[in-house]
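So you can see what is in the structure, the chains are spelled out below.
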Amino acid sequence: MNPTVEQLKTKFQQALIAAFGTDYAAADPMLVPASNPKFGDYQSNAPLSLTKKLGQPPRAIAEKIVQQLDITDICQPPLIAGPGFINLTLKPEYLEGQLNAIFADPRLGVAPAKNPIRVVVDFSSPNIAKEMHVGHLRSTIIGDCIARTLEFQSEDVLRLNHVGDWGTQFGMLIAYLREAYPAALTTQDALDLGDLVALYRQAKQRFDEDQAFQETARQEVVKLQAGAEDSRRAWQLLCEQSRQEFQVIYDLLDVHLTERGESFYNPLLSGVVEDLDQLGLLVEDAGAKCVFLEGFTNKAGEPLPLIVKKSDGGYNYATTDLAALRYRIQQDQAQRIIYITDAGQASHFTQVFQVARRAGWIPDNVELVHVPFGLVQGEGGKKLKTRSGETVRLRDLLDEAIARTRADLETRLKEEGRSETEEFIANVAKVVGISAVKYADLSQNRTSNYVFSYDKMLSLQGNTAPYMLYAYVRIQGISRKGEINFQQLGSDAKILLQEETELVLAKHLLQLGAVLSEVEQDLLPNRLCQYLFELSQKFNQFYDRCPVLQAEESQRTSRLVLCNLTARTLKLGLSLLGIPVLERM
Ligand code: ARG
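Quick summary incoming for the structure in this document. All of these numbers come straight from a predicted model, not from anything done at the bench. (Residues numbered from 1 in each chain as written. Predicted model: local features only at pLDDT ≥ 70, side-chain atom pairs only at ≥ 80, totals over all residues. Heavy atoms only, no water.)

Looking at the overall build of the chain
Okay, so step 1: Scanning the chain from terminus to terminus reveals 22 helices and 14 strands.
Okay, so step 2: Counting only residues that meet the buried cut, the chain has 50% of its 585 residues in that class.
Okay, so step 3: Contacts in the chain between residues at least 24 apart in sequence constitute 73% of all its contacts with a sequence separation of at least 6.
Okay, so step 4: Put simply, the chain shows about 27500 Å² of open surface, and 49% of that area lies on carbon and sulfur atoms.
Okay, so step 5: When the 62 positive and 74 negative side-chain charges of the chain are each reduced to one mean point, those points stand 3 Å apart. (Helix = DSSP H or I, 4+ residues; strand = E, 2+ residues; numbered from the N terminus. Buried < 20%, exposed > 50% of the residue type's maximum accessible area, 1.4 Å probe, protein only. Contact = heavy atoms within 4.5 Å. Areas by Shrake-Rupley, 256 points an atom, 1.4 Å probe, with all protein chains shown as cover. Lys, Arg positive; Asp, Glu negative; His and termini not counted. Charge placed at Lys NZ, Arg CZ, Asp CG, Glu CD.)

Some points on the nonpolar core
Nonpolar side chains tend toward joint burial in soluble globular proteins.
Okay, so step 1: In this structure, Leu 99, Ile 338, Leu 397 and Leu 577 are the most contacted members of the largest nonpolar core, which totals 156 residues.
Okay, so step 2: Counting residues per element, this core draws most heavily on helix H15 (residues 422-442), which supplies twelve residues.
Okay, so step 3: Contacts of Leu 397, omitting those with residues within four sequence positions, involve Val 134, Leu 137, Leu 384, Val 392, Val 437, Phe 452 and Tyr 454.
Okay, so step 4: Of all hydrophobic cores here, the second largest spans 34 residues; its members include Leu 293, Tyr 339, Phe 353 and Ala 359. (Core = buried A, V, L, I, M, F, W, Y, C linked by side-chain atoms within 4.5 Å.)

Focus: the site of the ligand
Okay, so step 1: Around the ligand, the neighbouring residues are Asp 122, Ser 125, Asn 127, His 136, His 162, Tyr 317, Asp 321, Tyr 339, Thr 341, Gln 345 and Phe 349.
Okay, so step 2: In this structure, a nitrogen atom belonging to the ligand sits 2.8 Å away from a side-chain N or O atom of Asp 122.
Okay, so step 3: Between a nitrogen atom of the ligand and a side-chain N or O atom of Asn 127, the distance comes to 2.8 Å.
Okay, so step 4: About the coverage of the ligand: the protein hides 90% of its 350 Å² of free accessible area.
Okay, so step 5: Of the residues assigned to the shell around the ligand, the class counts are three nonpolar, six polar and two charged. (Near = heavy atom within 4 Å. Polar contact = N/O pair within 3.5 Å; in protein donor to acceptor, adjacent residues only side chain to side chain. Nonpolar A, V, L, I, M, F, W, Y, C, P; charged D, E, K, R; others polar.)

As for helix H1 (residues 3-20)
Okay, so step 1: Under the 1.5 Å per step criterion, the end-to-end length of H1 is 26 Å for 18 residues, consistent within 8% with the ideal 26 Å.
Okay, so step 2: Those residues of H1 not exposed but buried are Thr 4, Val 5, Leu 8, Phe 12, Ala 15, Leu 16 and Phe 20. Summarising the axial view, the buried residues of H1 lie within an arc of 105°, below the 170-degree limit, and thus occupy one face.
Okay, so step 3: The elements touched by buried residues of H1 are strand S1 (31-33), strand S2 (42-44), helix H2 (46-54), helix H3 (58-68), strand S4 (85-88) and helix H4 (92-103).
Okay, so step 4: Of the residues one or two after H1, Gly 21 is the one with positive phi, at around 95°. (Expected span 1.5 Å × (residues − 1). Arc of directions from axis to C-beta.)

A few points about the sheet that holds strand S10 (residues 303-309)
Okay, so step 1: Strand order in the open sheet formed by three strands is S8-S9-S10, and the pairing between neighbours is antiparallel. Both outer strands of the open sheet, strand S8 (283-285) and S10, are each paired with one neighbouring strand and no more. Going across the sheet, the axis of each strand differs from the next one's by a mean of 55°, ignoring polarity.
Okay, so step 2: Examined bridge by bridge, S8 and strand S9 (residues 288-297) share three bridges and lie antiparallel to one another. Counterpart to Asp 285 in the pairing with S9 is Ala 288. (Pairing = 2+ DSSP bridges. Axes fitted to C-alpha atoms, helices over the stretch in contact; angles between N-to-C directions.)

Here we look at the side chain of Thr 501
Okay, so step 1: Within the element layout of this structure, Thr 501 appears in helix H19 (residues 500-509).
Okay, so step 2: Accessibility expressed as a relative area gives 14% for Thr 501, which makes it buried.
Okay, so step 3: Setting aside residues no more than four positions away along its own chain, Thr 501 makes contact with Gln 541, Phe 542, Arg 545 and Cys 546.

As for the pattern of salt bridges
Okay, so step 1: Counting across every chain of the model gives 36 salt bridges.
Okay, so step 2: With its nearest N and O atoms 3.9 Å apart, the salt bridge here joins Arg 393 to Glu 131. Of this pair, Arg 393 sits in the loop between strand S13 (376-377) and helix H14 (394-415) while Glu 131 sits in the loop between strand S5 (118-122) and helix H5 (134-152); the two residues are 262 residues apart in sequence, bridging distant segments of the chain.
Okay, so step 3: Residue Arg 393 is classed as partly exposed on the basis of its relative accessible area, which comes to 43%.
Okay, so step 4: Overall, Glu 131 belongs to the partly exposed group, its relative accessible area being 32%.
Okay, so step 5: A salt bridge links Arg 406 to Glu 410; the nearest nitrogen and oxygen atoms lie 3.2 Å apart. On the criterion of helical spacing, the pair formed by Arg 406 and Glu 410 is a turn pair, its members being four residues apart in helix H14.
Okay, so step 6: Arg 406 sits in the partly exposed class, given a relative accessible area of 25%.
Okay, so step 7: Residues joined in a network through salt bridges with shared partners are Asp 144, Arg 148, Glu 151, Arg 159 and Asp 254. (Salt bridge = Lys/Arg side-chain N within 4 Å of Asp/Glu carboxyl O.)

A short note on the layout of surface pockets
Okay, so step 1: By volume, the second largest pocket amounts to about 990 Å³.
Okay, so step 2: In terms of lining residues, the second largest pocket is bounded by 33 residues, among which Pro 33, Asp 41, Tyr 42, Lys 507 and Gln 511 are the most central.
Okay, so step 3: Every element with two or more residues in the lining of the second largest pocket is listed here: H1, S1, H19, helix H20 (512-522) and helix H21 (525-545). (1 Å grid on protein atoms, 1.4 Å probe; cavity = no way out; pocket = protein on both sides within 12 Å on 5 of 7 lines; lining within 4 Å. Points joined across faces, edges and corners; volume = space filled by probe spheres on them.)

With respect to the sheet that holds S2
Okay, so step 1: A sheet is described by the order of its strands in space; here four strands give the open sequence S1-S2-S4-S3, paired in antiparallel fashion. Bordering the open sheet on either side are S1 and strand S3 (79-81), each of which pairs with just one other strand. Across the sheet, the axes of successive neighbouring strands diverge by a mean angle of 30°, strand direction being ignored.
Okay, so step 2: Docked against the sheet, H3 engages S3 and S4, running at close to 170° with respect to S3.

Focus: the packing of aromatic side chains
Okay, so step 1: Overall, the coordinates contain twelve aromatic pairs when judged by the stated rule.
Okay, so step 2: Connected via pairs of aromatic rings, a cluster forms that spans Phe 264, Tyr 265 and Tyr 327.
Okay, so step 3: Lying over the aromatic face of Tyr 24, Lys 53 brings its terminal NZ or CZ to 4.5 Å of the ring centre. (Phe/Tyr/Trp six-rings, centres within 6.5 Å; stacked < 30°, edge-to-face > 60°. Lys NZ or Arg CZ within 6 Å of the ring centre and 35° of its normal.)

Some points on helix H12 (residues 317-330)
An α-helical turn contains 3.6 residues, so any two residues separated by three or four positions project in the same direction.
Okay, so step 1: A rise of 1.5 Å per residue sets the reference length of H12, with its 14 residues, at 20 Å; its end C-alpha atoms lie 20 Å apart and thus fit the reference within 8%.
Okay, so step 2: For H12, the buried fraction is high: eleven of the 14 residues fall into the buried class.
Okay, so step 3: Of all the residues in H12, the buried ones are Ala 318, Thr 319, Thr 320, Asp 321, Leu 322, Ala 323, Ala 324, Leu 325, Arg 326, Arg 328 and Ile 329.
Okay, so step 4: One side-chain oxygen of the residue at the start of H12 lies 3.2 Å from the amide nitrogen of Ala 318, identifying that residue as Asn 316.

The structure is reproduced here in structure tokens:
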């Protein structure tokens, strides 16, 4: 909670006891932000909610509370309004004190978690030998932001990449390699398998057309499972090459993950099925072993099974997730496990969670969360495709964002008659281009679909990365021009809030901690984006009205502090979105 609200809450609780006795010690002061700034900053609805219990009219209750309320350090005298609300307006002196405190704090007043817990964030998780697609891009960007936010809050975060590196598709791929690239099974050296996506397609075609090949592929799975050296060799080659391709994307995005793919849990799968069996949860259905789910039915209203061992003896995606879940709790000691995938997998996770709960694997202090997200769409809400109609490769998508940024930048430099080095241009293009893609994703409520548009995300106007980065650059320009060294201003810099725009900006600056704890709770990065966007707007309104470098001495220092706090808040907030700032652009 916001420290101001926390303080006010305590004061209200004391006033309630003083006015009505200890019976009211647990009464909720019902403090909410004011619905309209003209009523002040906060409002208490307690008088209305206590009317019945006290048998008194709300305005009379409000008067009694106000008489006992000792908040002169924090607020202007409270006002009773309407049927009996208590309206509160923060005092400028109080805000000045709070700003001084955050100015002196490298964490900008955001307290780290009191009792940090271990959190697993399972994100990105592409599949070997398949293309990493825009869905994985969303998972990577959202997961990284969530991990960064939790890390900043001092939680103990394990960023896990649950790559799809196991399963029957490898039988097909290895059988195909045996025919088309026999060297892949024997060589000890690195070997370029060419385009893996094409390879996958060819293998699949062979598989679909040829019965004998299907049989070879099945045997290949068995060999791989049994650890046959040549099959393993081919599997490793496939994984290694995919890994390198994924790494290019992670490097571009500056995202770090620990790979712990599906294969890691392979030795644990039989144990999972045995334990479910011992617990009496397993039912055999058409040769497959499954758990019948509660609350899931088919069209005929019959309970739906979650298969954990297929009739051919193989295990599947759900079995692996059950094993992973148990491992993360028992070995990793995770207390919160967060899965970031497209909304299409929501029922998969509900089912896996249900089975794990019924098996008694989830202690009460462990929270399991699936964080779903919507689709990335092309223009007109259609599937995102290249002009020639193919699926967009992530590498190309990111490169295009960088190239377009560069073109815009070069035009702007020409217009402004500026000449910059190639190094400067390349760096700005990369930072702005990648940030624009990230921000466009994070600024949407993740549960909705969004339309991918370079024009929109690269615009210098609106709720975009370039707009935000530019606000930061503008502030850095002020301190450069005034040759200000903020370290030297120290904590004795007196802050004075006089103009309305200064007060509005100050109040917004003090909300960062509350916003971050919301993001930590709801795992909705768009709240942080919205906060930063409003911060930039409030800063611009302040800067339009209030001269900074030209102001007289006392005001000048105070306004410089506001500029510096805005810049630091932007820098910190953007860093949690995975966006670095630029000093010039
Ligand atoms: N590999 C999966 C996919 O591409 C995502 C895995 C998500 N994580 C998990 N534990 N199931 O759809």
